[in-house]
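# Geometric and topological summary
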Amino acid sequence: MTSIKDNIASIEVQISQACKNANRLTNEVILLAVSKTKPIDLIEQAYLAGQREFGESYVQESVEKIAKLTHLTDICWHFIGPIQSNKTRQIAENFSWVHSVDRIKIAKRLDGHRYGQDTPLSICLQVNISGETSKSGVTIEQLPELINFVENCENLKLRGLMAIPEKNAPAQAFSQMYKLFLALQEQHPDVDTLSMGMSADLEAAITAGSTMVRVGSAIFGQREYK
Ligand SMILES: *Cc1c(COP(=O)(O)O)cnc(C)c1O
């Protein structure tokens, strides 16, 4: 079995190769290690290998893990899973980033629950780029209204967009996301993140302009459930 450290090193090579092929700089793409369902000792191994950004999808599980890893003071937690409105307090209190905001109601609750903390919550808006196949994500038509809402939330900081293109999605889906990202950046110059690409499609995502890839199984191994 290869080690977590080796897996991260090989993903970093894949990222830099994809960047080179796309005439991009390697440091334009951040690796988010998706540790959902995985135990804290594997997260610690990744941390020791230099990894700092971690993604989680399940609130109860992640809050327990975060509480056990507070000694890793510069670790950065990103929530990337579907959001139920009764979980927004725990998300706002435990995470630095949320990638999966797809409706005003959730943004409003996260903003309220973030009140009083030192830093605003970094937000990516999840866009349903592959249409009917996924129920999560705001439609392109409803995106401007959601952007406008989040921009006006005092305790949220709009960082960019997130997408989960369907399996074997055409390159066009990835490039359409990049166009939306550029348009958003034009309106809001401090937007810096296009969260797109997972273990199986990180090259296509980087080629299209992704700035953050969310990689789980290629680092931590296949998940047994979920
Ligand atoms: C699980 C998950 C990932 C990681 O998927 P892998 O295929 O294991 O790399 C990325 N993004 C989201 C939103 C996820 O839920």
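Residues numbered from 1 in each chain as written. Predicted model: local features only at pLDDT ≥ 70, side-chain atom pairs only at ≥ 80, totals over all residues. Heavy atoms only, no water.

On to the site of the ligand. Surveying the vicinity of the ligand reveals the residues Val 34, Lys 36, Ser 57, Ile 80, Ile 164, Met 198, Ser 199, Arg 214, Val 215, Gly 216, Ser 217 and Arg 223. At a separation of 2.5 Å, an oxygen atom of the ligand approaches a polar side-chain atom of Ser 199. For the ligand, an oxygen atom lies 2.8 Å from a polar atom in the backbone of Ser 217. The cavity that encloses the ligand is the largest pocket. Taken together, the residues of the shell around the ligand sort by class into 5 nonpolar, 4 polar and 3 charged. (Near = heavy atom within 4 Å. Polar contact = N/O pair within 3.5 Å; in protein donor to acceptor, adjacent residues only side chain to side chain. 1 Å grid on protein atoms, 1.4 Å probe; cavity = no way out; pocket = protein on both sides within 12 Å on 5 of 7 lines; lining within 4 Å. Sits in = over half its atoms within 2 Å of the grid points. Nonpolar A, V, L, I, M, F, W, Y, C, P; charged D, E, K, R; others polar.)

Moving on to helix 5 (residues 104–114). Every buried residue of helix 5 is accounted for by Ile 106, Ala 107, Leu 110, Asp 111, His 113 and Arg 114. In this structure, the buried residues of helix 5 make contact with helix 4 (88–94), strand 4 (97–101), strand 5 (121–127), helix 6 (143–151) and strand 6 (156–163). Looking at the residues trailing helix 5, positive phi occurs at Gly 116, about 95°. (Buried < 20%, exposed > 50% of the residue type's maximum accessible area, 1.4 Å probe, protein only. Helix = DSSP H or I, 4+ residues; strand = E, 2+ residues; numbered from the N terminus. Contact = heavy atoms within 4.5 Å.)

Moving on: the pairing of strand 6. Most of strand 6 is tucked away, with 7 of its 8 residues classed as buried. As defined by bridge partners, strand 5 adjoins strand 6 across 7 bridges and the pair is classed as parallel. Across the sheet, residue Cys 124 finds its bridge partner in strand 6, namely Gly 160. Crossover strand 6 to strand 7 (residues 193–195) through helix 7 (residues 171–187) is right-handed. (Pairing = 2+ DSSP bridges. Right-handed = clockwise from strand over helix to strand, strands pointing away.)

The biggest cluster of nonpolar side chains holds 63 residues, and the ones touching the most others in it are Ile 15, Val 98, Leu 110, Ile 123, Leu 125, Leu 161 and Ile 219. Residues within four places of Val 98 in sequence aside, it is in contact with Phe 79, Ile 83, Ile 91, Leu 110, Leu 121, Ser 122, Ile 123 and Cys 124. Counting 8 residues, the second-largest nonpolar core is a separate cluster that includes Ile 80, Cys 124, Met 162 and Met 212. (Core = buried A, V, L, I, M, F, W, Y, C linked by side-chain atoms within 4.5 Å.)

A few words now on the pattern of salt bridges. Scanning all chains against the criterion turns up 8 salt bridges. Note that Arg 52 and Asp 74 form a salt bridge whose closest N and O atoms lie 3.1 Å from each other. Taken together, the positions of Arg 52 in the loop between helix 2 (40–48) and strand 2 (53–56) and Asp 74 in the loop between helix 3 (59–68) and strand 3 (76–79) put the pair 22 residues apart, joining distant regions of the chain. Classification of Arg 52 as partly exposed rests on a relative accessible area of 26%. With a relative accessible area of 42%, Asp 74 lands in the partly exposed category. (Salt bridge = Lys/Arg side-chain N within 4 Å of Asp/Glu carboxyl O.)

For strand 5, the buried fraction is high: 7 of the 7 residues fall into the buried class. Side-chain alternation along strand 5 places Leu 121, Ile 123, Leu 125 and Val 127 on one buried face and Ser 122, Cys 124 and Gln 126 on a second face that is also buried. Relative to strand 5, strand 4 runs parallel, the two being bridged by 3 bridges. Bridge pairing in strand 5 places Trp 97 opposite Ser 122.

Summed over the entire model, instances satisfying the criterion amount to 3 aromatic pairs. The interplanar angle of 80° and the centroid separation of 5.3 Å between the aromatic rings of Phe 79 and Phe 95 together place this pair among those described as edge-to-face. Separated by 16 residues along the polypeptide, Phe 79 in strand 3 and Phe 95 in the loop between helix 4 and strand 4 bring together distant segments of the chain. Relative accessible area serves as the criterion here: at 0%, Phe 79 is assigned to the buried category. A ring pair is formed by Tyr 178 and Phe 181, whose centres lie 6.2 Å apart and whose planes are at 40°; its orientation type is tilted. Pair noted here: Tyr 178 and Phe 181 are both in helix 7, with a separation of 3 residues, about one helical turn. Accessibility expressed as a relative area gives 28% for Tyr 178, which makes it partly exposed. Directly above the ring of Tyr 47 sits Arg 52, whose terminal nitrogen or CZ lies 3.6 Å from the centroid. (Phe/Tyr/Trp six-rings, centres within 6.5 Å; stacked < 30°, edge-to-face > 60°. Lys NZ or Arg CZ within 6 Å of the ring centre and 35° of its normal.)

What follows deals with unusual backbone geometry. For Asn 23, which is not glycine, the phi torsion reads 55° and is therefore positive. Among the structural elements, Asn 23 can be located in the loop between helix 1 (4–21) and strand 1 (30–34). Judged by relative accessible area, Asn 23 falls into the exposed class, the value being 75%. At Asn 168, a position not held by glycine, the phi torsion is positive, near 55°. Counting through the fold element by element, Asn 168 comes out in the loop between strand 6 and helix 7.

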